[in-house]
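# Coordinates in review
Residues per chain are reported as follows:
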Amino acid sequence: MKSHVLSGLIAAAIFAVSPAMADVFPSKPIRLIVSNPPGGTVDLLPRILADKLRQQLGQPIVIENKAGAAGNLAAEAVFRAEPDGYTLLVSPPPALVINQSLYPKLAFDPQAFTPVSVMAKVPNALLVRQDFPAKNIAEFIAYAKARPKAVTYASQGNGSTSHLTAELFSTMGSISMLHVPYKGSSPALNDLLGGQVHAMFDNLGASLEHVKAGKLKVLGVGSATRVPFLPDVQAISETLTGFEAVTWFGIVAPPKTPAQVVEKLSAAVADALRDEGIRTQLGKLSATSVGSTPVEMGAFMKIEASQWGGVIRSANVKID
């Protein structure tokens, strides 16, 4: 009987402290652990937001890069951190919704993270060499259908977003291409530019400069509709109904982070993303701001995990 009473008192105390904790939060610097190396879109986004978040929250924003194992190293570090809102993970899809279907065992549970906000989305796009004969998605599919396994496509690696997007495209287009995996976007793009492969799905934040320079052609974008900065480029869904594949960048907190703290962080992110100066900077990365609520991000992550898990199983994708 005494143990039940004691448990109840402890639970009541914890419940009572949570609102007070939110009132004083934050009282020290907040660390954003980025799952990728410096320089890419996922690294640049929090750096663009950092000053505005500092103003909103009244504390320094410290950004740390912890790259490796397809984002798993950073995810594990944040998963094991104190659930107090002072250590957060910034990540693209792999560690949050893809790796759980690729790796037989993870040292963290992606579904247990506390969603904070999706910062932004960047459309994936089908890029081809300048000398590739197809001028649009329908022509590309027809060309590949007539030449099974003859069309080569690069990716950032087995199980990467670019690889899975190509697998989804191949399934929906009923084509068979030859996958050439690389270790990251840069070497894959270099070989596409050099003519060693025919095509690649990549997010436009990394490759748009090559399109503008006339070095690559973009045949279609993976967003649901056409993008304002490439109005003449069709959405792939105009040919393959229902196709959608974007790279998104989210912030999550350790499991069991208090809701009041998470709401405060999410509101600060959303407010920062409404700043016109920040929107302009994101536009230069081909990114569209989102600023979702924790509930919205949680629902979105479930949809993404289901879609990419299905692609992984149907295509029998294996990690290196």
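First things first, this report covers the structure right here in the doc.

Cut-offs applied
Position labels on residues start from 1 in each chain and follow its written sequence. Given that this is a predicted model, residues contribute local features only at a pLDDT of at least 70 and side-chain atom pairs are listed and counted only at 80 or more, while totals for whole chains, interfaces and linings are drawn from all residues. Heavy atoms from the whole structure form the basis of all side-chain values; hydrogens and water molecules are not counted. Between the rings of Phe, Tyr and Trp (Trp by its six-membered ring), a pair exists once the centres lie within 6.5 Å; its type follows the angle of the planes, with under 30 degrees stacked, over 60 edge-to-face, and the other angles tilted. Geometrically, a charge over a ring is one whose NZ (Lys) or CZ (Arg) sits within 6 Å of the ring centre while staying within 35 degrees of the ring normal. To define a nonpolar core, start from buried Ala, Val, Leu, Ile, Met, Phe, Trp, Tyr and Cys residues and group those joined through side-chain atoms within 4.5 Å. A simple rule labels every residue: compare its accessible area, found with a 1.4 Å probe on the protein chains alone, to the largest value its type can have, and call it buried under 20%, exposed over 50%, or partly exposed in between. For the purposes of this entry, the term helix denotes a DSSP run of H or I that reaches at least four residues, the term strand denotes a run of E that reaches at least two, and both are numbered from the N terminus. By definition here, a helix of n residues has an expected span of 1.5 Å times n minus one. We define the bend at each residue as the angle formed by axes fitted to the 7 residues ending at it and the 7 residues starting at it. Axes here mean lines fitted to C-alpha atoms, for a helix over just the part in contact, with angles spanning 0 to 180 degrees between N-to-C directions. The hand of a helix crossing depends on one turn: near helix anticlockwise from the far one by less than a right angle means left-handed, and clockwise means right-handed. By definition, residues are in contact when any of their heavy atoms lie within 4.5 Å. Here the term charged refers only to Asp, Glu, Lys and Arg, the term nonpolar to Ala, Val, Leu, Ile, Met, Phe, Trp, Tyr, Cys and Pro, and the term polar to all other amino acids, Gly among them. In protein, a polar contact means a hydrogen-donor-capable atom and an acceptor-capable atom, both N or O and within 3.5 Å, with residues adjacent in sequence counting only if both atoms are side-chain atoms; elsewhere, any N or O pair within 3.5 Å suffices. Two strands qualify as a pair provided DSSP detects at least 2 bridges between them. Seen with its strands pointing away from the viewer, a crossover is right-handed if its path from the first strand over the helix to the second goes clockwise. The directions from the helix axis to the C-beta atoms are what the arc is built from.

### Regarding the packing of aromatic side chains
Both the distance between ring centres and the angle between the ring planes are used here to describe each pair of aromatic rings. Within this structure, the stated rule accounts for 10 aromatic pairs. Put simply, the rings of Phe132, Phe140, Tyr143, Phe169, Phe201 and Phe243 touch in pairs and so form one group of aromatic residues. Lys28 extends its terminal NZ or CZ atom over the ring of Tyr86, reaching a point 4.8 Å from the ring centre. In this structure, Arg147 packs its charged tip against the face of Tyr143, placed 3.8 Å from the ring centre.

### A word on the nonpolar core
Grouped together as the largest cluster of nonpolar side chains are 53 residues, with contacts concentrated most on Ile30, Met119 and Leu265. Within the second largest apolar cluster, 46 residues are counted, among which are Leu126, Val151, Leu164 and Trp308.

### Regarding helix H2 (residues 41-57)
The end-to-end C-alpha distance of H2 is 23 Å, a good match for the 24 Å that 17 residues give at a rise of 1.5 Å each. Taking the largest bend as the criterion, H2 deviates by roughly 45°, centred on Ala50. Listed in full, the buried residues belonging to H2 are Thr41, Val42, Asp43, Leu45, Pro46, Ile48, Leu49, Ala50, Leu53 and Leu57. Two residues or fewer after H2 comes Gly58, characterised by a positive phi angle close to 75°.

### A look at the packing of helix H4 (residues 93-102) against helix H11 (residues 294-315)
Across the interface, H4 lies against H11 with an axial gap of 8 Å and an inter-helix angle of 35°. Remark: the crossing between H4 and H11 carries right-handed chirality. For the pair formed by H4 and H11, the contact residues are Leu96, Val97, Ile98, Gln100, Ser101 and Leu102 on the first element and Met297, Met301, Glu304, Ala305, Trp308, Gly309, Ile312 and Arg313 on the second. The residue inventory of the contact of H4 with H11, partitioned by class, reads nine nonpolar, three polar and two charged.

### Looking at the side chain of Thr257
Counting through the fold element by element, Thr257 comes out in the loop between strand E9 (246-253) and helix H9 (259-273). By relative accessible area, which is 6% here, Thr257 ends up buried. In this structure the side chain of Thr257 is engaged in a polar contact, spanning 2.7 Å, whose partner is the backbone oxygen of Pro254. If sequence neighbours within four positions are ignored, Thr257 has contacts with Pro83, Asp84, Gly85, Thr114 and Val262.

### Comments concerning the pairing of strand E1 (residues 30-34)
Of all five residues that make up E1, four are buried, and the element is covered over most of its length. Note that E1 and strand E2 (residues 61-65) share five bridges and pair parallel. In the strand pairing of E2, Ile33 is matched with Glu64. In the classification by handedness, the crossover that spans E1, the intervening H2 and the parallel E2 is right-handed. Bridging between E1 and strand E3 (residues 87-91) involves four bridges; their strand directions are parallel. Residue Arg31 lies in a different strand from E3, and its bridge partner there is Thr87.

### Topic: H11
Over its 22 residues, H11 extends 31 Å from the first C-alpha to the last, a length consistent with the 32 Å expected when each residue adds 1.5 Å. Inspection of H11 places Pro294, Met297, Gly298, Phe300, Met301, Glu304, Ala305, Trp308, Gly309, Val311 and Ile312 among the buried residues, and these make up the whole buried set. Here the buried residues of H11 occupy an arc of 165° about the axis, which is enough to place them on one side. Away from its buried face, by an angle of more than 90 degrees, H11 presents the exposed residues Val295, Lys302, Ile303, Ser306, Arg313 and Ser314. Contacts made by the buried residues of H11 are with H4, strand E4 (114-129), helix H6 (161-173), E9 and H9. Directly beyond the C-terminal end of H11, a positive phi value near 55° is found at Asn316.

### So, unusual backbone geometry
A cis geometry characterises the amide bond from Phe25 onward to Pro26, with omega recorded as -5°. Tracing the chain through its elements places Pro26 in the loop between helix H1 (2-24) and E1. One non-glycine residue, Lys149, lies in the positive phi region at around 65°. Along the chain, Lys149 falls in the loop between helix H5 (137-145) and strand E5 (152-155). On the basis of relative accessibility, which here comes to 49%, the residue Lys149 falls in the partly exposed class. The backbone of Ser286 sits at a positive phi, close to 65°, despite the residue not being glycine. Looking at the element boundaries, Ser286 is found in the loop between helix H10 (276-284) and strand E10 (288-289). Looking at Ser286, the relative accessible area reads 2%, which means it is buried.

Keep in mind these numbers describe shape, not what the thing actually does.
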